[in-house]
Amino acid sequence: KQVISILPIGILKCFGVFKKNDAIDIVDPNNNKVGIGLARYDSDKLTEVIGQKNKPLFIHYDYLHIF
């Protein structure tokens, strides 16, 4: 089994408003829901770091479910 986390560098867009520890949907570029996970920080912080390297991971693999 491959273990993955969601990092800001791999995120293209952020939709909606959420808080740290909220369960959020993960969608592909075609807007198909591909998973769900717990946010490690809020939507404002994520918007600041989208696409950037060396930023804290957004969803830890322990709290991520990919369909």
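For the structure itself, consult the block above.
Sequence order sets the numbering: in each chain, residues are counted from 1 along the sequence as written. At least 70 in pLDDT is required for a residue's local features to be given in this predicted model, at least 80 for side-chain atom pairs to be given and counted, and no such filter applies to totals for whole chains, interfaces and linings, which use all residues. Hydrogens and water are ignored here; the side-chain numbers use all heavy atoms of the structure.

Strands are runs of DSSP state E lasting at least two residues, helices are runs of H or I lasting at least four, and both sets are numbered from the N terminus onward. The secondary structure content of the chain amounts to one helix and three strands. Along its sequence from the N terminus, the chain presents helices and strands in the succession β-β-α-β. Our radius of gyration looks at C-alpha atoms and nothing else; its globule reference is 2.2 Å times the residue count to the power 0.38. In terms of overall size, the chain behaves like a compact globule, its C-alpha atoms giving a radius of gyration of 11 Å where 67 residues would be expected to give roughly 11 Å. Taken along its principal axes, the extent of the C-alpha atoms in the chain is 30 × 25 × 20 Å.

Moving on, we get to the sheet that holds strand E3 (residues 64-66). Strands are treated as partners if at least two bridges between them are detected by DSSP. Taken together, the three strands give an open sheet; going across it, the order is E1-E2-E3, and neighbouring strands pair in antiparallel fashion. With partners counted over all chains shown, the strands left at the sheet margins are strand E1 (23-27) and E3, one partner each. Put simply, the sheet's adjacent strands are angled 20° from each other on average, direction ignored. Under this scheme, a helix contributes an axis fitted over its contacting stretch, all axes are lines through C-alpha atoms, and angles between N-to-C directions fall in the 0 to 180 degree range.

If you look at the biggest cluster of nonpolar residues, it comprises twelve residues: Ile6, Ile11, Phe18, Ile24, Ile26, Ala39, Tyr41, Leu46, Val49, Phe58, Ile59 and Leu64. Secondary structure elements with two or more residues in this core: E1 and helix H1 (43-49). Residue contacts are counted whenever heavy atoms from the two residues lie within 4.5 Å of one another. Apart from the residues within four sequence positions on either side, Ile11 is in contact with Ile6, Leu46, Ile50, Gly51 and Phe58. Throughout, nonpolar core names a set of buried Ala, Val, Leu, Ile, Met, Phe, Trp, Tyr and Cys residues whose side chains join them through atoms within 4.5 Å. Buried means the residue's accessible area, taken with a 1.4 Å probe over protein chains only, is under 20% of the maximum for its type, while exposed means over 50%, and partly exposed covers the values in between.

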